[in-house]
Amino acid sequence: MFRGDVLEVPEKSIEEVTEVPDPEPEPVPESESGPASRPRRRGRTTLLIAVAAVLGVVAGTCTGFLVQANRAPDALPSLSQATLTQAKGPAPEPLSAAQDRRVKVDGDLRKLLLKRPSGARDADYTTGEDGWLDLAGYAEMYDRPADAFGDLVADEFRRAAVVNWREGSSLFVEIRLVQYRQQDQLVVAESASGAYGYAQDKPHTDSWPIPGTGDGMAYVHNSPDRKAGYTDVYKAEAHAWRGDIEMEIWVDSGSPVSQKKIRDLAKRQMERL
């Protein structure tokens with residue numbers, strides 16, 4: 001309590017105050033082998049061992065290189081194929097432009113079309129422009145031009161050449177040479193195969209192979225197309241291919257077309273390819 005400005009402490013309180021003992025130090029745990037020690041610092045022994053290992057690897061590599069460098073090279077085994085002997089005499093002459101088919105088909109495609117026979121006249125209709133059929137013009141030859149246009153683009157259509165004429169009073173001939181790029185796929189044989197199937201499926205049709213063309217075929221349709229007010233029209237066609245060019249021949253006539261006529265046209269046209 002306070003008495004005036006002096007703080008008085010009761011005597012009883014002073015007597016009851018005892019000193020607080022200092023805490024006893026905790027015993028340091030001992031292992032079975034003795035008192036615990038601080039972690040050992042890594043000495044120089046480990047470092048020396050690591051350096052020695054690296055030097056050993058380097059020394060071994062150098063020794064192996066020197067041993068290999070001082071050895072004589074081993075002879076390579078002989079080739080399994082027989083030695084090619086060079087032919088004697090001068091080298092063969094390169095093909096002329098007339099003999100080189102690649103030169104022919106990459107040139108003016110119209111020059112490979114059959115010439116009009118003597119006495120033939122211009123047809124009553126015009127196909128293409130100046131003997132050429134572009135992509136849109138060729139697609140128009142199909143029953144569904146829009147679908148054909150997309151298919152021809154996918155098939156890498158390149159160009160088409162066409163010629164037509166009239167013989168006598170009622171026989172019309174049209175020949176088309178259709179060329180594809182064939183950079184990504186081979187489509188000419190597939191396209192010709194589709195034409196074979198389409199022609200053969202028509203009723204009253206006879207067919208014959210075209211000599212010298214592999215699988216080329218000629219077709220004669222014996223049943224005419226009839227339309228009121230018009231003359232009956234008999235039809236024949238031929239399809240074949242060589243390299244990147246597909247051949248199409250179409251014949252319309254007021255009288256039946258002989259197999260000799262269509263096969264002869266196809267044979268002579270393919271010989272020009």
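Since this is a predicted model, take the numbers as computed values, not measurements. (Residues numbered from 1 in each chain as written. Predicted model: local features only at pLDDT ≥ 70, side-chain atom pairs only at ≥ 80, totals over all residues. Heavy atoms only, no water.)

1. Some words on the overall build of the protein chain
Then, in step 1: When its secondary structure is counted, the protein chain shows seven helices and eleven strands.
Then, in step 2: Counting every position in the protein chain, which comprises 273 residues, the buried fraction comes to 26%.
Then, in step 3: The long-range fraction of contacts in the protein chain, counting pairs at least 24 apart against all pairs at least 6 apart in sequence, stands at 55%.
Then, in step 4: Split by element, the accessible area of the protein chain, about 20300 Å² in all, is 55% carbon and sulfur. (Helix = DSSP H or I, 4+ residues; strand = E, 2+ residues; numbered from the N terminus. Buried < 20%, exposed > 50% of the residue type's maximum accessible area, 1.4 Å probe, protein only. Contact = heavy atoms within 4.5 Å. Areas by Shrake-Rupley, 256 points an atom, 1.4 Å probe, with all protein chains shown as cover.)

2. As for the nonpolar core
Then, in step 1: Among the nonpolar cores identified, the biggest contains 28 residues, and Ile 175, Leu 177, Ala 238, Met 247, Ile 249, Val 251 and Ile 262 are the most heavily contacted of them.
Then, in step 2: Broken down by secondary-structure element, the contributors of at least two residues to this core are strand E6 (157-167), strand E7 (171-180), strand E9 (217-225), strand E10 (233-242), strand E11 (245-253) and helix H7 (259-271).
Then, in step 3: Ignoring any residue separated from it by four or fewer positions in sequence, one finds Val 251 in contact with Leu 171, Phe 172, Val 173, Tyr 234, Lys 235, Ala 236, Val 257, Ile 262 and Leu 265. (Core = buried A, V, L, I, M, F, W, Y, C linked by side-chain atoms within 4.5 Å.)

3. Here's the deal with the packing of aromatic side chains
Then, in step 1: Inspection of every chain in the model, using the stated rule, returns four aromatic pairs.
Then, in step 2: Ring geometry for Phe 157 against Tyr 180: centres 6.4 Å apart, planes inclined by 90°, an arrangement best described as edge-to-face. In this pair, Phe 157 sits in strand E6 while Tyr 180 sits in strand E7, placing the two residues 23 residues apart along the sequence. Judged on exposure class, the residue Phe 157 and its partner Tyr 180 are both buried.
Then, in step 3: Lying over the aromatic face of Tyr 230, Lys 227 brings its terminal NZ or CZ to 5.8 Å of the ring centre. (Phe/Tyr/Trp six-rings, centres within 6.5 Å; stacked < 30°, edge-to-face > 60°. Lys NZ or Arg CZ within 6 Å of the ring centre and 35° of its normal.)

4. Remarks on unusual backbone geometry
Then, in step 1: One non-glycine residue, Asp 130, adopts positive backbone phi at about 55°.
Then, in step 2: Its place among the elements puts Asp 130 in the loop between helix H3 (101-106) and strand E5 (132-133).
Then, in step 3: Exposure remark for Asp 130: the relative accessible area of 62% places this residue in the exposed category.
Then, in step 4: Despite not being glycine, Glu 156 has its phi angle at roughly 65°, a positive value.
Then, in step 5: Relative to the helices and strands, Glu 156 resides in the loop between helix H5 (145-154) and E6.
Then, in step 6: For Glu 156, a relative accessible area of 11% gives the class buried.

5. Quick notes on the side chain of Asn 164
Then, in step 1: Relative to the helices and strands, Asn 164 is located in strand E6.
Then, in step 2: Engagement of the side chain of Asn 164 in a polar contact is seen with the side chain of Thr 127, the distance being 3.4 Å.
Then, in step 3: With near-sequence residues (within four places) excluded, Asn 164 lies in contact with Arg 116, Ala 123, Tyr 125, Thr 127, Val 173 and Glu 174. (Polar contact = N/O pair within 3.5 Å; in protein donor to acceptor, adjacent residues only side chain to side chain.)

6. Looking at the sheet that holds E9
Then, in step 1: In space, the seven strands of this open sheet follow the order E5-E6-E7-E11-E10-E9-E8, with antiparallel pairing throughout. Both outer strands of the open sheet, E5 and strand E8 (205-209), are each paired with one neighbouring strand and no more.
Then, in step 2: Strands in contact with helix H6 (residues 188-200) are E7, E8, E9, E10 and E11; relative to E10, the strand with the most contacts, it is inclined by about 155°. (Pairing = 2+ DSSP bridges. Axes fitted to C-alpha atoms, helices over the stretch in contact; angles between N-to-C directions.)

7. Concerning the confidence of the model for the protein chain
Then, in step 1: Of the residues in the protein chain, 78% have a pLDDT of 70 or more, and the chain-wide mean is 82.
Then, in step 2: Confidence drops under pLDDT 50 across residues 1-7; counting only partners more than four residues distant or on other chains, this segment forms five contacts.
Then, in step 3: Under a pLDDT of 50 for its full length, residues 12-17 has, in the predicted model, one contact with residues more than four places off or in other chains. (pLDDT = per-residue confidence, 0-100.)

8. Section: the side chain of Glu 248
Then, in step 1: Looking at the secondary structure, you find Glu 248 in strand E11.
Then, in step 2: Residue classification places Glu 248 among the buried positions, given a relative accessible area of 5%.
Then, in step 3: Of the polar contacts made by the side chain of Glu 248, one reaches the side chain of Tyr 138; its length is 2.5 Å.
Then, in step 4: Engagement of the side chain of Glu 248 in a polar contact is seen with the side chain of Trp 250, the distance being 3.4 Å.
Then, in step 5: What Glu 248 contacts, discounting residues up to four positions off in sequence, is Tyr 138, Glu 174, Ile 175, Arg 176, Val 178, Ala 238 and His 239.

9. Thoughts on the pattern of salt bridges
Then, in step 1: Tallied over the full model, the rule gives 13 salt bridges.
Then, in step 2: Arg 176 is the partner of Glu 174 in a salt bridge, and the nearest nitrogen-oxygen pair spans 2.9 Å.
Then, in step 3: On the accessibility criterion, Glu 174 (5% relative accessible area) is buried.
Then, in step 4: The residue Asp 264 makes a salt bridge to Arg 268 at a minimum N-O spacing of 3.1 Å. On the criterion of helical spacing, the pair formed by Asp 264 and Arg 268 is a turn pair, its members being four residues apart in helix H7.
Then, in step 5: The exposure class assigned to Arg 268 is partly exposed, which follows from its relative accessible area of 36%.
Then, in step 6: Each member of the salt-bridge network shares a partner with another, and the members are Asp 108, Arg 110 and Asp 130. (Salt bridge = Lys/Arg side-chain N within 4 Å of Asp/Glu carboxyl O.)

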